[in-house]
Amino acid sequence: PAHGTCRIDCRIRQILKARDEAQRMSLGPVMLDIEGLTLSPADRDLLREPAVGGLILFTRNYASVEQLADLVAEVRALRSPPLLIAVDHEGGRVQRFREGFTAVPPMQRVGREFDRDEKAGLQAARDAGWLIGSELRAVGIDHAFAPCVDLDWGVSEVIGARAFHRDPGVVADLADEFARGMRSAGMAAVAKHFPGHGAVIADSHLQLPRDRRDYGMILDDMRPYERLVSNGSIAAVMTAHIVYEQVDELPASFSAYWIEQELRARLGFGGAVFCDDLSMKATSGYGTIGERARLALEAGCDMALICNDRDAAQEAVDRLAAYSNPLSLVRLARLHGTRHTPRESLLADEKWQTINARFRHWDERPEFHLDA
């Protein structure tokens, strides 16, 4: 009997060890941030939590290219597989790292280049994606939350010049080229903000926007996603914190209708779905951060962002400690960067030098405007 008890105890220890190993080898459903230029002991402990799957970086985390590369390397060494490391880096005003990185123009400028010369506009979109991807991969960052494929309806200040164009076909063309450029640099593209953020005035950082259009009108906003999904150009999508009240009473980030029925079933998207930052005021009426994260995951999101609120992030991590979705693990694993060109080699590359010079010169010439 004693020998049998020993075998049972050994088996229990093996099971527990296997469970712990599985937790160490997986990516959790929470992406969060850190405060400084290096990891604090508290940062390291939090980033090792099973529910954490990624880190998003901000301007406050950047002092120099060398410092950033060291920080990324330190984060990647914490776990196996390494955490996903991401950044909002679209060009224009949404570019977290400046000094030492190329100042990429806003995508609205790319759209206007397309209006002037279609071939040149498509090339500019592809070059922007490659340049952003190459410079970020050179310091080890896995992916950027780009491109923004919201339509330029002319009403949303928070989108504004981030949008390529008002015409959904043009947005699809340019976003597809941008994504191709990113992929050629070893970086997956993340299209945002599904199903479309461009037709509301309110800023979801500050309040919950309501889109009162009917489904037929919203279809225009989804046309770029149809093309990108059909072409296999994107590996992930980020949802919008917007209520499309003629279609569903829940914000898209918490809506199984938008994520499961529209994005996955109708459009056939099989990649990862990110919920936009749950610290935004738009989501404050849906419970605690932990409850919001659970709502997003149950609606079909694979990963929830929680930024600029360490206590809230800790709450979500604690609440989701036992959460696991095997499909999400597969989808998220595809977002790790695949090519890493040393920065010195990148800067010496003729392609980088040509594209860098071309975008720098864009600031020196007048913008092209169509007559009304």
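This text gives an overview of the structure that appears in the document. (Residues numbered from 1 in each chain as written. Predicted model: local features only at pLDDT ≥ 70, side-chain atom pairs only at ≥ 80, totals over all residues. Heavy atoms only, no water.)

1. Some words on the side chain of H89
For H89, the position within the fold is in strand 4 (residues 89-91). The residues contacting H89, other than those within four sequence positions of it, are V94, Q95, R96, F97, F101, I132, L136, A144 and A146. (Helix = DSSP H or I, 4+ residues; strand = E, 2+ residues; numbered from the N terminus. Contact = heavy atoms within 4.5 Å.)

2. Thoughts on the packing of aromatic side chains
Applying the stated criterion across every chain, the model contains 11 aromatic pairs. Where F145 meets F274, the ring centres are 5.1 Å apart and the plane angle is 85°; that geometry is what we call edge-to-face. Taken together, the residues F145 in the loop between strand 6 (143-144) and helix 6 (168-184) and F274 in strand 11 (residues 272-275) connect sequence positions 129 residues apart. Accessibility assignment for this pair places F145 and F274 in one class, buried. (Phe/Tyr/Trp six-rings, centres within 6.5 Å; stacked < 30°, edge-to-face > 60°. Buried < 20%, exposed > 50% of the residue type's maximum accessible area, 1.4 Å probe, protein only.)

3. A closer look at the sheet that holds strand 2 (residues 52-57)
Read from one edge to the other, the open sheet built from eight strands follows the order 6-3-2-1-12-11-9-7, with strand pairing classed as parallel. Single-partner strands in this sheet number two, and they are strand 6 and strand 7 (190-194). Across four bridges, strand 7 lies against strand 9 (residues 236-239) in parallel orientation. Of the residues in strand 9, the one forming a bridge with V190 is A236. Sitting on the sheet, helix 3 (residues 65-76) is in contact with strand 2 and strand 3 (84-87), with an inclination near 175° to strand 2. Against the sheet, helix 7 (residues 215-230) contacts strand 7 and strand 9, and its axis sits at roughly 155° relative to strand 7. (Pairing = 2+ DSSP bridges. Axes fitted to C-alpha atoms, helices over the stretch in contact; angles between N-to-C directions.)

4. Focus on the state of the cysteines
The tally for this structure, following the rule as stated, stands at zero disulfides. Considering cysteine sulfurs only, C275 is the nearest to C301, which forms no disulfide, with 4.8 Å between them. Looking at C307, it has no disulfide partner, and the nearest cysteine sulfur is the one in C275, 10 Å off. Judged by its relative accessible area of 2%, C307 falls in the buried class. (Disulfide = S-S within 2.5 Å.)

5. Brief notes about helix 7
The terminal C-alpha atoms of helix 7, which comprises 16 residues, lie 21 Å apart, in line with the 22 Å expected from a rise of 1.5 Å per residue. Of all the bends found along helix 7, the most pronounced is centred on D221 and spans about 45°, while P224, a proline, follows it within four residues. Those residues of helix 7 that sit buried are I218, D221, M222, P224, Y225, L228 and V229. As for helix 7, its buried residues are in contact with helix 6, strand 7, strand 9, strand 10 (243-244) and helix 8 (256-266). Among the residues of helix 7, the N-terminal cap falls to D214, whose side-chain oxygen and the backbone nitrogen of G216 are separated by 3.2 Å. Immediately beyond the C-terminal end of helix 7, within one or two residues, lies G232, with a positive phi of roughly 65°. (Expected span 1.5 Å × (residues − 1). Bend = angle between axes of the 7 residues up to and from the residue. Polar contact = N/O pair within 3.5 Å; in protein donor to acceptor, adjacent residues only side chain to side chain.)

6. A word on unusual backbone geometry
Here the bond from S80 into P81 is cis, since omega is 0°, no more than 30 degrees from zero. Structurally, P81 can be placed in the loop between helix 3 and strand 3. The omega angle of the peptide bond from K192 to H193 is 0°, so this bond is cis rather than trans. Positionally, H193 belongs in strand 7. In the Ramachandran plot, N308 falls in the positive-phi region, its phi being about 65° despite a non-glycine side chain. Assignment of secondary structure puts N308 in the loop between strand 12 (303-306) and helix 10 (310-319).

7. Thoughts on the pattern of salt bridges
Tallied over the full model, the rule gives 23 salt bridges. The network of salt bridges with shared partners includes D88, E90, R96, R162 and K192. (Salt bridge = Lys/Arg side-chain N within 4 Å of Asp/Glu carboxyl O.)

8. What about helix 3?
In this model, helix 3 (12 residues) spans 16 Å end to end at C-alpha, consistent with the 16 Å of a helix rising 1.5 Å per residue. Among the residues making up helix 3, those that are buried are V65, Q67, L68, L71, V72 and V75. Burial along helix 3 is one-sided: seen end-on, the buried residues are contained in an arc of 160°. The outward face of helix 3, more than 90 degrees from its buried face, is lined by the exposed residues E66 and D70. (Arc of directions from axis to C-beta.)

9. Here's the deal with the side chain of K192
Position of K192 relative to the elements: it lies in strand 7. Side-chain polar atoms of K192 contact the side chain of E90, separated by 2.7 Å.

10. Brief notes about the pairing of strand 11
Here strand 11 shows no split at all, with A272 and F274 on one side and V273 and C275 on the other all buried. One ladder, built from four bridges, connects strand 9 with strand 11; its direction is parallel. The partner of V237 across the bridge, within strand 11, is V273. As judged from the two bridges shared by strand 11 and strand 12, these two strands associate in the parallel manner. Directly across from C275, in strand 12, lies its bridge partner A304. Between strand 11 and its parallel partner strand 12, the chain crosses via helix 9 (residues 289-299), and the hand of that crossover is right-handed. (Right-handed = clockwise from strand over helix to strand, strands pointing away.)

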